[in-house]
Amino acid sequence: MEALLLLVLAVLEVANLRSIRLTMGLTTTAFFLVAAAGLAWCAWSLWRGRRWARGPVVMAQLIQLGLAWNFRDAPTTLVAVGLAIGGLVVIAGLLHPATTQVLEQDARLEE
């Protein structure tokens, strides 16, 4: 879901390109596309039980929690709440014992 939202942000950034800020718009679009692809790849890898993908996803959630903290004041308080809830839910899911058990199975298969 987060990868899809990053893709939407990339499309919105392209839709709002202006010649006065062309370089900033293009690099921001490229960042959102790379972040979306990386997060989607990690999510797919977690779905397949690859334990290496947990680290990058946890890091992305920690960054998201930092963004939530920066958006905490009005008028972006609701954005902050949404970012914080999303980040905490994903971290809780990644640290859940059932998730750890599945990812440890992957570690045993690699040995």
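Refer to the preceding data block for the structure.
The structure contained in this document is the topic of the report that follows. Just so you know, the residues in each chain are numbered from 1, in the order the chain's sequence is written. Restriction of local features to residues with pLDDT of at least 70 applies here, the model being predicted, together with a cutoff of 80 or more for giving and counting side-chain atom pairs; totals for whole chains, interfaces and linings are based on all residues. Water and hydrogen atoms were dropped before computing side-chain values, which therefore reflect all heavy atoms in the structure.

1. Observations concerning the overall build of the protein
Using the following cut-off: Helix and strand assignments come from DSSP, with helices taken as H or I runs of at least 4 residues and strands as E runs of at least 2, each series counted from the N terminus. In this description the radius of gyration comes from C-alpha coordinates, and the expected globular size is given by 2.2 Å times residues to the power 0.38.
Helix and strand counts for the protein stand at 5 helices and 0 strands. Listed by position from the N terminus, the elements making up the protein come as α-α-α-α-α. In terms of overall size, the protein is more extended than a compact globule, its C-alpha atoms giving a radius of gyration of 17 Å where 111 residues would be expected to give roughly 13 Å. Counting only C-alpha atoms and orienting by the principal axes, one finds that the protein spans roughly 55 × 30 × 15 Å.

2. What about the pattern of salt bridges?
Keep this limit in mind: Note on definitions: salt bridges are taken to be side-chain nitrogens of Lys or Arg within 4 Å of carboxyl oxygens of Asp or Glu. Only protein chains enter the accessibility calculation, which uses a 1.4 Å probe; a residue whose area is less than 20% of its type maximum is buried, one above 50% is exposed, and one in between is partly exposed.
Within this structure, the stated rule accounts for 1 salt bridge. In this structure, the salt-bridge partner of Glu13 is Arg21, at a minimum N-O distance of 2.8 Å. A relative accessible area of 14% means that Glu13 is categorised as buried. Residue classification places Arg21 among the partly exposed positions, given a relative accessible area of 33%.

3. What about the nonpolar core?
Inclusion rule: In this description, a nonpolar core means a group of buried Ala, Val, Leu, Ile, Met, Phe, Trp, Tyr and Cys residues linked to one another through side-chain atoms lying within 4.5 Å. For this analysis, residues touch if any pair of their heavy atoms sits within 4.5 Å.
Core analysis: the biggest nonpolar cluster contains 12 residues, these being Ala3, Leu6, Ala10, Phe32, Ala36, Leu39, Cys42, Leu46, Ala53, Val57, Leu94 and Leu103. Listed by contribution, the elements that provide at least two residues to this core are helix H1 (2-15) and helix H2 (22-47). The element that contributes the greatest number of residues to this core is H2, accounting for 5 residues. For Ala53, the contacting residues outside a window of four places in its chain are Cys42, Ser45 and Leu46.

4. So, the packing of aromatic side chains
Formally: For Phe, Tyr and Trp, rings pair up if their centres lie within 6.5 Å, where Trp contributes its six-membered ring, and each pair is then called stacked (planes under 30 degrees apart), edge-to-face (over 60) or tilted (otherwise).
On inspection of all chains with the given rule, the structure shows 2 aromatic pairs. Taking the centre distance of 5.9 Å and the plane angle of 55° together, the rings of Phe31 and Phe32 count as tilted. According to the relative accessible area criterion, Phe31 is exposed, its value standing at 55%. With 4.9 Å between their ring centres and 50° between their planes, Trp41 and Trp52 make a pair best called tilted. Residue Trp41 is located in helix H2, and its partner Trp52 is located in the loop between H2 and helix H3 (54-70); the two are separated by 11 residues in the primary sequence.

5. Structural notes on the layout of surface pockets
To keep it simple, the criterion reads: Definitions used throughout: a 1 Å grid over protein atoms alone; a cavity as a set of points that fits a 1.4 Å probe which cannot get out; a pocket as an open set with protein on both sides within 12 Å along at least five of seven lines; a lining residue as one with an atom within 4 Å of a point. Grid points are joined across faces, edges and corners, and a volume is the space filled by probe spheres set on the points. Residues were grouped as follows: Ala, Val, Leu, Ile, Met, Phe, Trp, Tyr, Cys and Pro as nonpolar; Asp, Glu, Lys and Arg as charged; and all remaining residues, including Gly, as polar.
What the largest pocket holds in volume is close to 1,100 Å³. With 11 residues, H2 is the largest single contributor of residues to the lining of the largest pocket. Grouping the amino acids of the lining of the largest pocket by side-chain chemistry returns 27 nonpolar, 7 polar and 1 charged.

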